[in-house]
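Descriptive analysis of the structure
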Amino acid sequence: MLSSTATTMLRAGVSRSSGALQPMLLRSTACPCSPFSMNTKLPQPTSVRPLSTSPSALVLRFRAQQQAQQAQQQLRRASSSSSSSSSSTRPRSDAELDANAAEAAAAAQSAAHAGEPVLDWNTFFKLRKTRRRVQLAFSVIMTLITSGAGGAVLSTGVADAMVAQVPLEPMFAVGLMTASFGALGWLMGPAMGGMVFNALKSKYRGQMEIKEGQFFARIKKHRVDPSASSMGNPVPDFYGEKISSVAGYRQWLKDQRAFNKKRTTFV
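What counts, and at which threshold
- Residues numbered from 1 in each chain as written.
- Predicted model: local features only at pLDDT ≥ 70, side-chain atom pairs only at ≥ 80, totals over all residues.
- Heavy atoms only, no water.
- Helix = DSSP H or I, 4+ residues; strand = E, 2+ residues; numbered from the N terminus.
- Buried < 20%, exposed > 50% of the residue type's maximum accessible area, 1.4 Å probe, protein only.
- Contact = heavy atoms within 4.5 Å.
- Core = buried A, V, L, I, M, F, W, Y, C linked by side-chain atoms within 4.5 Å.
- Salt bridge = Lys/Arg side-chain N within 4 Å of Asp/Glu carboxyl O.
- UniProt positions renumbered as here; feature names shortened; annotations may be inferred.
- Expected span 1.5 Å × (residues − 1).
- Bend = angle between axes of the 7 residues up to and from the residue.
- Polar contact = N/O pair within 3.5 Å; in protein donor to acceptor, adjacent residues only side chain to side chain.
- Phe/Tyr/Trp six-rings, centres within 6.5 Å; stacked < 30°, edge-to-face > 60°.
- Lys NZ or Arg CZ within 6 Å of the ring centre and 35° of its normal.
- Axes fitted to C-alpha atoms, helices over the stretch in contact; angles between N-to-C directions.
- Parallel < 35°, antiparallel > 145°, perpendicular 65-115°, else oblique.
- Nonpolar A, V, L, I, M, F, W, Y, C, P; charged D, E, K, R; others polar.

**Thoughts on the environment of Val 163**
Position of Val 163 relative to the elements: it lies in helix α6 (residues 160-165). You can call Val 163 buried: its relative accessible area is 10%. Residues Val 163 and Ala 173, ten residues apart in the sequence, show an inter-C-alpha distance of 6.1 Å. Residue contacts for Val 163: discarding those within four places in its chain leaves Pro 170, Ala 173, Val 174 and Met 177.

In structure tokens form, the structure reads like this:
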């Protein structure tokens, strides 16, 4: 009786609240992700922007690739040409390096004395000859002065102890010492003569230095190789000391060419 009464009451309750039970259970047990949830919004699919495949973009990309390839090819060609040129270029000799250095020094001097009047070559050679004569005269004068002063000092007996150490006769020993004093004066002569010449010709000093640099640059550039000289073919004025005019310089150039021709015939 009890079981049947309970069953009858349960069925009656279910039947009375069947219309409200199901929605209540659905509302209470629905998860946020459930499609039955009333407040749940479904995630919207993100819009994916398609890649630009228009013809203009493809053309621009193709042109950029071509330009990059051309730039790489040009770099490779430049590197190969530079390496080939450096390998084919022969090393410069010491004479060429000296000539280039002399030319650079002459250019620097001419730039430093740009405001001074230009000195022509004929006047330069005349002043150079005058300077050489002044230096020679001072060499002779200083030789006489130093040798005389040295002989006078040695005759007083100041250097008797030194003379006694020389394994020669005292007269010869004194003579050698006097000659050494004279040689010292000879070496001092060019320096003193150059100082006197620069003091007398001070207005030409800057231009003389410029012309000196240019002249020695030409000498170093056109002179011959002394290693090819011999007894039958000596070097013709290697330093150009005998050049005293423009005609003398031209003759010096002819002598250098003659030396080279003679060397080639011997070889």
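**Here we look at the nonpolar core**
Judged by nonpolar contacts, Leu 119, Phe 124, Phe 125, Leu 127, Phe 197, Met 208, Phe 215, Ile 219, Ile 243, Tyr 249, Trp 252 and Leu 253 together constitute the single largest core of twelve residues. Of all the secondary-structure elements, those providing two or more residues to this core are α5 (121-155), α8 (205-222) and α9 (246-266). In terms of nonpolar packing, the next biggest core, distinct from the first, is built from five residues, Leu 154, Ala 159, Val 163 and Ala 173 among them.

**Notes on the pattern of salt bridges**
If charged atoms from side chains of opposite charge come close, those side chains can pair. For the coordinates displayed, the defined rule picks out three salt bridges. In this structure, Arg 128 and Glu 212 form a salt bridge, with 3.9 Å as the shortest nitrogen-oxygen distance. One end of the pair, Arg 128, is in helix α5; the other, Glu 212, is in helix α8, with 84 residues separating them in the sequence. Taken as a pair, Arg 128 and Glu 212 share a single burial class, namely buried. Glu 209 is the partner of Arg 205 in a salt bridge, and the nearest nitrogen-oxygen pair spans 3.9 Å. Separated by four residues within a single helix, Arg 205 and Glu 209 lie in helix α8, roughly one turn from each other. For Arg 205, a relative accessible area of 45% translates into the label partly exposed. Glu 209 sits in the partly exposed class, given a relative accessible area of 35%.

**Details of the UniProt feature "transmembrane region" (unreviewed entry) in the protein chain**
Feature annotation in UniProt assigns "transmembrane region" (unreviewed entry) to the following positions: residues 136-159 and 171-200. Along residues 171-200, the helical share is 100% and the strand share 0%, with 42 Å between the first and last C-alpha atoms.

**Details of helix α7 (residues 170-200)**
For α7, which comprises 31 residues, the first-to-last C-alpha distance of 44 Å matches the rise-based estimate of 45 Å (1.5 Å per residue) to within 8%. At Met 188, α7 shows its largest kink, close to 30°, and the proline Pro 190 lies no more than four residues downstream. Those residues of α7 that sit buried are Ala 173, Met 177, Thr 178, Gly 182, Gly 185, Gly 189, Gly 193, Gly 194 and Phe 197. Elements that come into contact with the buried residues of α7 comprise α5, α6 and α8.

**Quick notes on the side chain of Thr 178**
With respect to the helices and strands, Thr 178 occurs in helix α7. Within polar-contact distance, the side chain of Thr 178 engages the backbone oxygen of Val 174 at 2.8 Å. Every residue in contact with Thr 178, bar those within four places of it in the chain, is listed here: Ser 147, Gly 151 and Leu 154.

**A word on the packing of aromatic side chains**
How two aromatic rings sit relative to each other is set out by the distance from centre to centre and by the angle between their planes. The final tally for this structure, using the stated rule, is eight aromatic pairs. Here the aromatic rings of Phe 215 and Phe 216 are separated by 5.5 Å at their centres, their planes lie at 65°, and the arrangement is edge-to-face. Note on Phe 215: relative accessible area 1%, which makes it buried. Exposure remark for Phe 216: the relative accessible area of 33% places this residue in the partly exposed category. An aromatic cluster of at least three residues, connected via ring pairs, comprises Trp 121, Phe 124, Phe 125, Phe 215 and Phe 216. In this structure, Lys 211 packs its charged tip against the face of Trp 121, placed 4.2 Å from the ring centre.

**Focus on the packing of α5 against α8**
In the contact formed by α5 and α8, the axes pass within 11 Å of each other and the chain directions differ by 100°. Regarding the angle of α5 to α8, the classification is roughly perpendicular. On α8, the residues that touch Trp 121, Phe 124, Phe 125, Leu 127, Arg 128 and Arg 131 of α5 are Met 208, Lys 211, Glu 212, Gln 214, Phe 215, Phe 216 and Arg 218. Considered class by class, the residues forming the contact of α5 with α8 number seven nonpolar, one polar and five charged.

**Quick look at unusual backbone geometry**
Positive phi, normally seen in glycine, also occurs at Asp 237, with a value near 55°. Residue placement: Asp 237 occurs in the loop between α8 and α9.

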